[in-house]
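# Per-entry structural report
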Amino acid sequence: MQDDLSRKQDDELIARTQAGDATAFDELVVKYSPRLYGLVYNMTSNHEDTNDLMQDIWSKAYRSIAGFRGKSSFYTWIHSIGVNMTINFLKKRGRRFTLSLDDIDSNVQHDKEFIELTATSTPVREADLSELQKRLNEAMQKLSHDHRAVVTMFDIQGMPHAEIAKILGISEGTVRSRLFYAHRQLQNFLTEFHS
Amino acid sequence: MNEEQLSALLRIKRFEQPPPQYFDRLLQDIHRRQRSELLRRPLWKIAAERVQTFFSEHSMGHLSYAGALAGVLVVGVAGIGLMTAGPAEVGPVIAKTTPHEKLLNIDTTANSRLVLDDTPSSPTALPGYLPAAHQPRYVIDARPVSYELPSSY
């Protein structure tokens with residue numbers, strides 16, 4: 001997931017942050033926020049909640065970075081904080097939430113994968129894009145927090161099983177089994193949409 | 001819907017991103033939050049940090065830092081000791097008031113009476129200490145009241 005050069009750069013930025021250089025921490029924020037945003041947003045399905053959580057996550061990271069010893073990569077570390085804080089937030093939020101669906105980023109229209117997906121004779125082609133988003137988010141929200149976290153990291157963010165296992169502190173086997181059940185559940189939820 | 005179709009659907013979600021300027025604003029929000037968290041820190045933490053900075057700026061060794069800290073601790077303990085010693089003197093209220101009272105002789109119809117001595121108190125008597133002869137004695141009814149010390153019998 002992360003090459004050696006990127007990890008070396010991170011180590012340097014962490015060392016500078018630990019020495020009191022706040023700009024180094026800013027660089028880490030800029031580097032990891034887009035991916036972290038994707039993770040949190042796809043778990044909450046709400047941009048306002050995601051924004052609040054992003055601030056909480058980075059604040060916690062800043063307070064804790066003095067104790068970061070590099071046993072895992074910064075990528076794994078910040079994602080662990082992100083997932084745990086998001087799951088805690090979701091547990092507190094319970095059922096009272098509203099989906100906030102923004103338009104898909106305009107870049108998507110030029111994305112090869114997206115063009116292929118909507119051009120082929122899949123059910124997706126027929127569907128309105130916003131309806132598609134809505135269905136997907138609703139189906140995601142029906143999953144348990146743990147299953148949603150695994151689906152978000154694997155299917156949406158494209159992380160390998162080993163990385164997800166490290167972030168969640170579980171075995172790869174557990175990751176695979178959670179994915180299996182989550183996919184089955186999503187398929188059931190989306191059957192109506194498909195037909 | 002098969003596995004492949006589901007994966008394709010889920011992959012679309014990675015394009016759900018906030019507007020590009022969002023991340024600049026996020027950085028500003030994080031800075032603002034860090035500043036407000038700094039202001040909300042407890043006083044003792046700020047004081048400890050300033051002491052630490054003072055010693056590090058004056059390039060004093062660990063030993064001098066430890067010595068100064070020990071000094072502060074000794075002064076603190078002594079101060080607490082003095083503060084706690086004060087209220088202990090206030091304790092025996094009877095001892096302070098007794099010398100100024102001429103006589104307190106409570107005679108009730110109950111089975112016992114409380115008798116206090118009317119002997120003038122010694123001006124050298126320590127506050128808080130009442131000599132045995134001056135201490136109240138509980139006398140049971142139908143027995144002669146004596147002001148003599150029990151040892152004089």
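By convention here, each chain's residues receive numbers from 1 onward along its written sequence. Chains carry letters and ligands carry numbers; both start at the beginning, A for chains and 1 for ligands, and go up in the order they are written. A pLDDT threshold of at least 70 governs which residues receive local features in this predicted model, and a stricter bar of 80 or more applies before side-chain atom pairs are shown or counted, although totals over entire chains, interfaces and linings include all residues. Just so you know, side-chain values use all the structure's heavy atoms and leave hydrogens and water out.

What follows is about the overall build of chain B. Across its full length, chain B holds five helices and three strands. Where helices and strands are cited, they refer to DSSP runs of H or I of at least four residues and of E of at least two residues respectively, numbered from the N terminus. Mapped in sequence order, the helices and strands of chain B form the string α-α-α-α-α-β-β-β. The classification of residues rests on relative accessible area computed with a 1.4 Å probe and restricted to protein chains. Under 20% of the type maximum is buried, over 50% is exposed, and intermediate values are partly exposed. Counting over 153 residues, chain B shows a buried share of 19%. Should any heavy atoms of two residues lie within 4.5 Å, those residues are considered in contact. For chain B, contacts bridging at least 24 residues in sequence account for 29% of all contacts bridging at least 6. Residue exposure ignores everything except the shown protein chains as possible cover, and the areas themselves are Shrake-Rupley values with a 1.4 Å probe. Of the roughly 11700 Å² of accessible surface on chain B, a fraction of 64% belongs to carbon and sulfur atoms.

What follows deals with the interface of chain B and chain A. The partner chain A presents 42 residues to the 27 residues of chain B that form the contact. What gets called buried area is simply the loss in accessible area from a 1.4 Å probe that two parts show on being joined, summed for both. Summed over both partners, the interface of chain B with chain A buries about 3400 Å², with 63% contributed by carbon and sulfur atoms. When the buried area of chain B at its contact with chain A is split by residue, B:Met1, B:Phe15 and B:Glu16 rank highest and sum to 20% of it. Any carboxyl oxygen of Asp or Glu that lies within 4 Å of a side-chain nitrogen of Lys or Arg is treated as forming a salt bridge with it. Where chain B touches chain A, the interface holds two salt bridges. A salt bridge links A:Arg63 to B:Glu37, with the shortest nitrogen-to-oxygen separation between them at 3.2 Å.

Turning our attention to the confidence of the model for chain A. Predictor confidence is given residue by residue as pLDDT, running from a minimum of 0 to a maximum of 100. Scored by pLDDT, chain A has a mean of 83; 77% of the residues are at 70 or more. Of all secondary-structure elements in chain A, the lowest mean pLDDT belongs to helix α6 (residues 123-126) of chain A, at 51, while helix α9 (residues 161-168) of chain A reaches the highest, 95.

Now for the pattern of salt bridges. Inspection of the entire model under this criterion finds nine salt bridges over all chains. Ionic pairing is found between A:Arg16 and A:Glu27, a salt bridge with its closest N-O pair at 3.7 Å. Placement of the pair is A:Arg16 in helix α1 (residues 4-18) and A:Glu27 in helix α2 (residues 22-44), with a sequence separation of 11 residues. Look at A:Arg16 and you get partly exposed, because its relative accessible area is 29%. Relative accessible area serves as the criterion here: at 40%, A:Glu27 is assigned to the partly exposed category. B:Glu37 is the salt-bridge partner of B:Arg33, the closest N and O atoms lying 3.6 Å from each other. Placement of both B:Arg33 and B:Glu37 in helix α2 (residues 22-39) is noted, with a separation of four residues, approximately one turn of the helix. The class for B:Arg33 is partly exposed, based on a relative accessible area of 23%. Several salt bridges converge on common partners, so that one network encompasses A:Asp56, A:Arg63, B:Arg33 and B:Glu37.

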